[in-house]
Amino acid sequence: MGNVFAECRILTAAEMIAAEQYTFTKLSIPSRGVMEIAGREVVREILERVGGQGKRFAVFCGVGNNGGDGFVIGRLLQARGHEVQLFSINDPTKLKNDAKAAADSFVTAGGTVHVATSDLDKSWEELYNDARGQQFILIDALFGTGYKVDPKKAGELGNLGVAWLNEAANRLGATVV
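The paragraphs below set out a description of the structure included in this document. In this text, all values refer to a predicted model and were calculated from it rather than measured experimentally. (Residues numbered from 1 in each chain as written. Predicted model: local features only at pLDDT ≥ 70, side-chain atom pairs only at ≥ 80, totals over all residues. Heavy atoms only, no water.)

**A few points about the pairing of strand β4 (residues 135–141)**
Taken residue by residue, a regular strand's side chains alternate between the two faces of the sheet. Counting buried residues along β4, five of its seven residues qualify, which places the element largely inside the surrounding structure. Looking at chain direction, strand β1 (residues 55–61) and β4 are connected through seven bridges and run parallel. Looking at β4, one finds that A58 is bridged to L138. Across two bridges, the pairing between β4 and strand β5 (residues 175–176) is parallel. In the strand pairing of β5, I137 is matched with T175. (Buried < 20%, exposed > 50% of the residue type's maximum accessible area, 1.4 Å probe, protein only. Helix = DSSP H or I, 4+ residues; strand = E, 2+ residues; numbered from the N terminus. Pairing = 2+ DSSP bridges.)

As structure tokens, this is what we get:
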């Protein structure tokens, strides 16, 4: 099989929203089902492209369905025996709808969520100390097509999530997906 990406084009946010609505209404696949499919395919693609042997994964989740995708990815990686650290910019008990269901599934499967606060020193130091000599793959599930705020005005938690991801990428020399 050839490079599937050579055969595809990247959709705009409006096109992606329309494609999702078509999937939900015309194909009768619920949003939560799409989230599971997306998570499974991201995991498959990551493991196919970069492998998982000897690598650790850190997933950075936002508050909407993109964050829900991140919780699914974290759960599926963990189920395959990979070490996963998941960072959320919101308390998972305060998420809504499909994102909450995905977060609940991650926690039920044994996952631990590091919740964003303005003081992350302890979580970060543990991550960095544990990470020495290991390869990390960072997964960005912070913002999706539903994000309507200028990132420069994202507020403390949005800015914190982006800062977390950038800090981890820079300090760990990690690959970001």
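The rest of the description comes next.
**Thoughts on the pattern of salt bridges**
Where charged atoms of side chains with opposite charge meet at close range, the side chains can pair. For the coordinates displayed, the defined rule picks out nine salt bridges. In this structure, E41 engages R40 in a salt bridge whose closest nitrogen and oxygen atoms are separated by 3.3 Å. We classify E41 as partly exposed; its relative accessible area is 30%. By relative accessible area, which is 42% here, R40 ends up partly exposed. Residue R44 pairs with E45 through a salt bridge whose shortest N-O separation is 3.5 Å. (Salt bridge = Lys/Arg side-chain N within 4 Å of Asp/Glu carboxyl O.)

**What to know about the side chain of R75**
Residue position: R75 is located in helix α3 (residues 65–79). Judged by its relative accessible area of 16%, R75 falls in the buried class. Leaving out residues up to four positions away in the same chain, R75 has contacts with R32, E36, S105, F106 and A109. (Contact = heavy atoms within 4.5 Å.)

**Some thoughts on α3**
For α3, with 15 residues, the first-to-last C-alpha span of 21 Å sits near the 21 Å given by 1.5 Å per residue. Buried residues of α3: G67, G68, G70, F71, V72, I73, G74, R75, L76 and L77, and no others. Summarising the contacts, the buried residues of α3 are in contact with α2 (31–50), β1, β2 (84–88), α4 (97–108), β3 (113–115) and β4. The positive-phi residue at the C-terminal boundary of α3 is G81, with phi of around 90°. (Expected span 1.5 Å × (residues − 1).)

**Re the nonpolar core**
The biggest cluster of nonpolar side chains holds 22 residues, and the ones touching the most others in it are F57, F71, L77, L86 and I139. At the level of elements, α2, β1, α3, β2, α4 and β4 are the ones that each hand at least two residues to this core. Counting residues per element, this core draws most heavily on α3, which supplies five residues. Sequence-distant contacts of L86, that is, excluding residues within four places in its chain, are made with V59, C61, G70, F71, F106, T112, V113 and H114. One finds A58, F87, W164 and L172 within the second-largest nonpolar core, a separate group that totals 14 residues. (Core = buried A, V, L, I, M, F, W, Y, C linked by side-chain atoms within 4.5 Å.)

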